[in-house]
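This is what each chain is made of:
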Amino acid sequence: MGGIEEKIFAVKPTDKAVELAHKYGYSPWIVERYLRMLPEEEVYLLLEANEKPLKKSIRCNDYLIKCGELKERLGEKGVILRKIPFTRHGYYVERGSDKIGYLHEYMLGYYYIQGPASMIPVEILDPRPGEDVLDAAAAPGGKSTQILQHTKDKAHLLAIDKNRERIKSLRSHLSRMGFNNHIIIRMDNLKLPTEYQFDKILLDAPCSGEGIIRKDPSRKKSRTIEDLKYLSSLQIRMVSHLSRLIREDGVMVYSTCTIGVEENEYVLTKALEHNPCLEPVDTEAPGSRGLTSYSGVEFDPRLERCRRILPHQLNTEGFFICKLRRKC
Amino acid sequence: MQAKKKMLKLKPLKPEDRKAVTSMIVEVVKCKVDKLLPGKLYGQYGGSHIDVYSINESLLTRVKQLSYHGINPYSAGLYTATIWRNQKVEPSLDLAKHIWMKCNPAEYRHTVISEAGEKIFLYGKDVFHGNIVQTNTEFGLTIVTNTRGEPLGWGFLRRKNGKELLIENIKDVGWYVRAGG
């Protein structure tokens, strides 16, 4: 496997990559990977899409308010919403986006400010009332609140994060949005004992955040390939450990707000090797299918069941989502 | 010398603390506390104050399992109140929302404030009589609502100099923006 790692992480930018990186302000190695992943014309579309700021969006909390009523109330305050077609409760903020973090409706917990693609992992996880659900990297709480929203506060949620400051936000958002059926733990999810079993696990893994360049353009240059190596090794350990906590026939959704193979297909190929009971499952999620080969490396072919959402496809942030079932 | 790190421990609420919390709740709500709250009262002991949670059976099983492995939750269940060192019990915003969701408005003390009052209250300020639209109590702890009946937080209703009504802000949902994160 050392050979595979070498092929993936040894990125020598071509002249084309250097030219595009210069034009769009990226580190050349980042663009080189896009050229290896996508047809050249699509790389242009991706780089162009990343130049446009991401339109703000919210997730309506239908546990506390009917979404139609929220839309009307915000409309009266000059905030115009438009439904995001591929999400259940998502709305683009067409007008008045500067206010959305301060409105009384926000304080009352009627919505959460969240990127459109970021709403998809929980929809794919599809938590049900009565299920034991783990949100393994939960802060600041977007997906934890969404899990309890989907189950009308009736799933038993264990939300874990190790960051002291961000965990305060997690608790605050759960409180603001009216959810009580949760336990919050501040700890490293790698230390969670394997005796604990869950019906559903969400691992929205810590990642390099290449998918959110539209929100934070500094990410065009701020990361190195060494960062990716570190992150992918952490992600492999997380998936491998947490996969032991899924009940038989239970589900884990792995997601990242990054689009490279290093933190996605490569991580999952390694995790599938470690745990043969894991089986990728096809989903209705939008986006392109997972890659099965890249730069001369063959990934587990079942990973084509995963989804990669690129910013130019649906005018969102970039995301990768994969649903895994534990079959034994 | 390095200060010893405080170890918090989530434990069943001590009888005197339970009494203090339930007294606060029955002051405001007519419905039975056992029926109102989702589960048993637990307190996060060991710090400068006690955060009180009502934990249902399913969560409690998990809390005990975690405790067996030496893992103490940061929080669990419905955050109900905080008991301060001076024994003062401060109800949580979560409790206000829970009461609003579970009870009929006639069953709990509430004070309605005007739209202008709402803005003031959500900045963490007190609200004076001109912005108090209606109340079903004369004095004391009250849930403060807007004219739609939505819970904005907790206040203490009293008469200023024995005359005009005043709501002292105890905690309001503006806190989520000011400090909540």
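Residues numbered from 1 in each chain as written. Chains lettered and ligands numbered in written order. Predicted model: local features only at pLDDT ≥ 70, side-chain atom pairs only at ≥ 80, totals over all residues. Heavy atoms only, no water.

Caption draft 1: Examining the state of the cysteines more closely. Residues and elements named next belong to chain A. For the structure shown, the criterion picks out 3 disulfides over all chains. Here C306 connects covalently by a disulfide to C322, the sulfurs 2.1 Å from one another. On the sign convention where negative is left-handed, the bridge of C306 and C322, at about -55 degrees about the S-S bond, is left-handed. Taken together, the residues span a long stretch of sequence, with C306 in the loop between β13 (297-298) and β14 (307-309) and C322 in strand β15 (residues 319-326) at a distance of 16 residues. Each member of the pair, C306 as well as C322, is classed as buried. (Disulfide = S-S within 2.5 Å. Helix = DSSP H or I, 4+ residues; strand = E, 2+ residues; numbered from the N terminus. Buried < 20%, exposed > 50% of the residue type's maximum accessible area, 1.4 Å probe, protein only.)

Caption draft 2: Focus on the pattern of salt bridges. Residues and elements named next belong to chain A. Tallied over the full model, the rule gives 36 salt bridges over all chains. A salt bridge links R36 to E32; its shortest N-O distance comes to 3.2 Å. Of the two residues, R36 and E32 are both situated in helix α3 (residues 28-37); the distance of 4 residues between them amounts to about one turn of the helix. Looking at E32, the relative accessible area reads 6%, which means it is buried. One salt bridge connects E165 with K168, and the closest N-O pair in it is separated by 3.3 Å. (Salt bridge = Lys/Arg side-chain N within 4 Å of Asp/Glu carboxyl O.)

Caption draft 3: Fine view of the packing of aromatic side chains. Throughout the structure, instances matching the rule amount to 7 aromatic pairs over all chains. Summarising the aromatic geometry, the rings of Y106 of chain A and Y111 of chain A are spaced 5.6 Å apart at their centres and angled 55 degrees between planes, so their arrangement reads as tilted. Across this residue pair, the class does not change: Y106 of chain A and Y111 of chain A are buried. The interplanar angle of 45 degrees and the centroid separation of 5.7 Å between the aromatic rings of Y53 of chain B and Y79 of chain B together place this pair among those described as tilted. In this pair, Y53 of chain B sits in strand β3 (residues 50-55) while Y79 of chain B sits in strand β5 (residues 78-83), placing the two residues 26 residues apart along the sequence. Summarising the burial analysis for this pair, Y53 of chain B and Y79 of chain B share the class buried. If you follow R171 of chain A out to its NZ or CZ, it ends over the ring of Y79 of chain B, 4.4 Å from the centre. In this structure, K171 of chain B is placed above the aromatic ring of W175 of chain B, and the distance from its NZ or CZ to the ring centre is 4.7 Å. (Phe/Tyr/Trp six-rings, centres within 6.5 Å; stacked < 30°, edge-to-face > 60°. Lys NZ or Arg CZ within 6 Å of the ring centre and 35° of its normal.)

Caption draft 4: Fine view of the environment of E298 of chain A. Residues and elements named next belong to chain A. Mapped onto the fold, E298 is located in strand β13. The exposure class of E298 is exposed, given its relative accessible area of 58%. With 33 residues separating them along the chain, E298 and E265 place their C-alpha atoms 9.9 Å apart.

Caption draft 5: Highlighting the sheet that holds strand β2 (residues 40-45) of chain B. All names here are of chain B. On the basis of which strands lie adjacent, the open sheet formed by 5 strands has the order β1-β2-β3-β5-β6 and antiparallel pairing. Taken across any chain shown, the strands that pair with only one partner, and hence form the sheet edges, are β1 (9-12) and β6 (89-91). Strand-to-strand twist in this sheet, taken as the mean axis angle between neighbours without regard to direction, amounts to 30 degrees. Inspection of the sheet shows β5 paired to β6 by 3 bridges, in the antiparallel sense. Residue pairing across strands places T82 opposite E90, the latter belonging to β6. (Pairing = 2+ DSSP bridges. Axes fitted to C-alpha atoms, helices over the stretch in contact; angles between N-to-C directions.)

Caption draft 6: Summary view of the interface of chain A and chain B. With 38 residues of chain A at the interface, the matching set in chain B holds 38 residues. Summed over both partners, the interface of chain A with chain B buries about 3200 Å², with 57% contributed by carbon and sulfur atoms. Here chain A is connected to chain B by 3 salt bridges. Viewed at the interface, chain B and chain A are joined by 17 residue pairs in polar contact (both at pLDDT 80 or more). (Contact = heavy atoms within 4.5 Å. Buried area = accessible area lost by both parts, 1.4 Å probe. Polar contact = N/O pair within 3.5 Å; in protein donor to acceptor, adjacent residues only side chain to side chain.)

Caption draft 7: Seen up close, the packing of helix α2 (residues 15-24) of chain A against helix α4 (residues 40-49) of chain A. Residue and element names in this part refer to chain A. Running from N to C, α2 and α4 point in directions that differ by 20 degrees, and their axes come no closer than 11 Å. Classified by the angle their axes make, α2 and α4 are roughly parallel. Helix-helix and strand crossings are classified by hand; for α2 and α4 the assignment is right-handed. Packed against α2, whose contacting residues are K16, L20 and Y24, the element α4 presents E40, V43, Y44, L47 and E48 at the interface. (Parallel < 35°, antiparallel > 145°, perpendicular 65-115°, else oblique. Left-handed = near helix turned anticlockwise from the far one by under 90°.)

Caption draft 8: Highlighting the domain arrangement of chain B. Residue and element names in this part refer to chain B. Assigned domains within chain B: domain 1 (9-102) and domain 2 (109-178). If you average the C-alpha positions of domain 1 and of domain 2, the two centres end up 24 Å apart. With 13 residues of domain 1 in contact, the opposing surface of domain 2 contributes 15 residues. When domain 1 packs against domain 2, close to 1200 Å² is buried across both sides, 70% of that on carbon and sulfur atoms. Per-residue buried area on domain 1 facing domain 2 is highest for E27, V28 and L93; these three make up 47% of the total on that side. Viewed at the interface, domain 2 and domain 1 are joined by 1 salt bridge. Where E27 meets R109, a salt bridge forms, and the shortest distance between an N and an O atom there is 3.4 Å. (Domains from an automatic or database assignment.)

Caption draft 9: Region of interest: the pairing of β2 of chain B. All names here are of chain B. β2 sits mainly inside the fold: 5 of its 6 residues count as buried. As paired elements, β1 and β2 share 4 bridges and run antiparallel to each other. If you follow P12 over to β2, its bridge partner there is Y42. Looking at chain direction, β2 and β3 are connected through 5 bridges and run antiparallel. Paired with G43 across the strands is V52, a residue of β3.

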